[in-house]
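Working through the structure, step by step
Okay, here's what each chain looks like letter by letter:
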Amino acid sequence: MALHCTECGFVNVEGANYCQRCGSLLARAEAAGEPVTATYRIDEAGELVPVELEDFTARGPALVIRAGGGRVGERFAVDRERTSIGRRPDAEVFLDDVTVSRDHALLIRRGDQWYLDDMGSLNGTYVNRSRIESHRLEEGDEMQIGKYKLTFHAR
């Protein structure tokens, strides 16, 4: 199934996330009953346990790794006013890769909105393929931090 870009009308190949002509995020019609993002948690024995994204985000926003580091589907609850993201082992969202700065980015609540702030990282922080210093997040925004791609879910 080809995907038409809502911005420029270009017909993109199946499976594309962004328009090949203009770079816009491609909207998808979700197949009935088919999940868009597979998520899991790690239980006490270290086994992967599937989790429904809707159940997980009912308690608040979450970040889900979509690509990078062999961690696809891993999710992080955003249950604090400030959530650190980086290569520092004590970061709330620990991304172990040399392309990620120790203190790379900060997810912060301002009023009833969530923002992603770059913390002066060397390789930059991107939201929907645009480099940002600070960006108000919306449901489904894709962040790129180093080699990791994460999706913000606020449902």
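Above: the structure in question.
A brief report on the enclosed structure follows. (Residues numbered from 1 in each chain as written. Predicted model: local features only at pLDDT ≥ 70, side-chain atom pairs only at ≥ 80, totals over all residues. Heavy atoms only, no water.)

**Structural notes on the environment of Arg129**
Mapped onto the fold, Arg129 is located in the loop between strand S11 (125-127) and strand S12 (130-132). Overall, Arg129 belongs to the exposed group, its relative accessible area being 55%. Separated by 105 residues in sequence, Arg129 and Ser24 place their C-alpha atoms 8.5 Å apart. Residues contacting Arg129, with those up to four places away along its chain left out, are Tyr18 and Gly23. (Helix = DSSP H or I, 4+ residues; strand = E, 2+ residues; numbered from the N terminus. Buried < 20%, exposed > 50% of the residue type's maximum accessible area, 1.4 Å probe, protein only. Contact = heavy atoms within 4.5 Å.)

**A word on the sheet that holds strand S8 (residues 93-94)**
Sheet architecture is open: five strands sit in the order S8-S7-S9-S10-S13, paired in mixed fashion. Two strands bound the open sheet, and with one partner strand each, they are S8 and strand S13 (134-136). Both strand S10 (residues 113-118) and S13 contribute to a ladder of three bridges, which runs antiparallel. When the bridges of S13 are listed, Asp117 appears paired with Ser134. (Pairing = 2+ DSSP bridges.)

**Digging into the side chain of Ser101**
Tracing the chain through its elements places Ser101 in the loop between S8 and strand S9 (105-110). On the basis of relative accessibility, which here comes to 16%, the residue Ser101 falls in the buried class. Within the structure, the side chain of Ser101 is placed 3.3 Å from the backbone nitrogen of Leu122, a separation counted as a polar contact. (Polar contact = N/O pair within 3.5 Å; in protein donor to acceptor, adjacent residues only side chain to side chain.)

**With respect to the sheet that holds strand S6 (residues 75-77)**
The sheet built from six strands is open, its strands ordered S6-S5-S15-S14-S11-S12 with antiparallel pairing. Two strands close off the open sheet at either side, each with one partner strand: S6 and S12. If you compare each strand with its neighbour and ignore which way they point, the axes differ by 30° on average. Sheet analysis places S11 next to S12, joined by three bridges and oriented antiparallel. (Axes fitted to C-alpha atoms, helices over the stretch in contact; angles between N-to-C directions.)

**Section: the pattern of salt bridges**
The final tally for this structure, using the stated rule, is six salt bridges. Asp103 is the partner of Arg88 in a salt bridge, and the nearest nitrogen-oxygen pair spans 2.7 Å. Residue Arg88 is found in the loop between strand S7 (82-86) and S8, and its partner Asp103 is found in the loop between S8 and S9; the two are separated by 15 residues along the sequence. Judged by relative accessible area, Arg88 falls into the partly exposed class, the value being 28%. (Salt bridge = Lys/Arg side-chain N within 4 Å of Asp/Glu carboxyl O.)

**Some thoughts on the packing of aromatic side chains**
Going through the model one piece at a time under the given rule, you end up with zero aromatic pairs. The ring of Tyr115 carries Arg110 above its face, with NZ or CZ at 4.8 Å from the centroid. (Phe/Tyr/Trp six-rings, centres within 6.5 Å; stacked < 30°, edge-to-face > 60°. Lys NZ or Arg CZ within 6 Å of the ring centre and 35° of its normal.)

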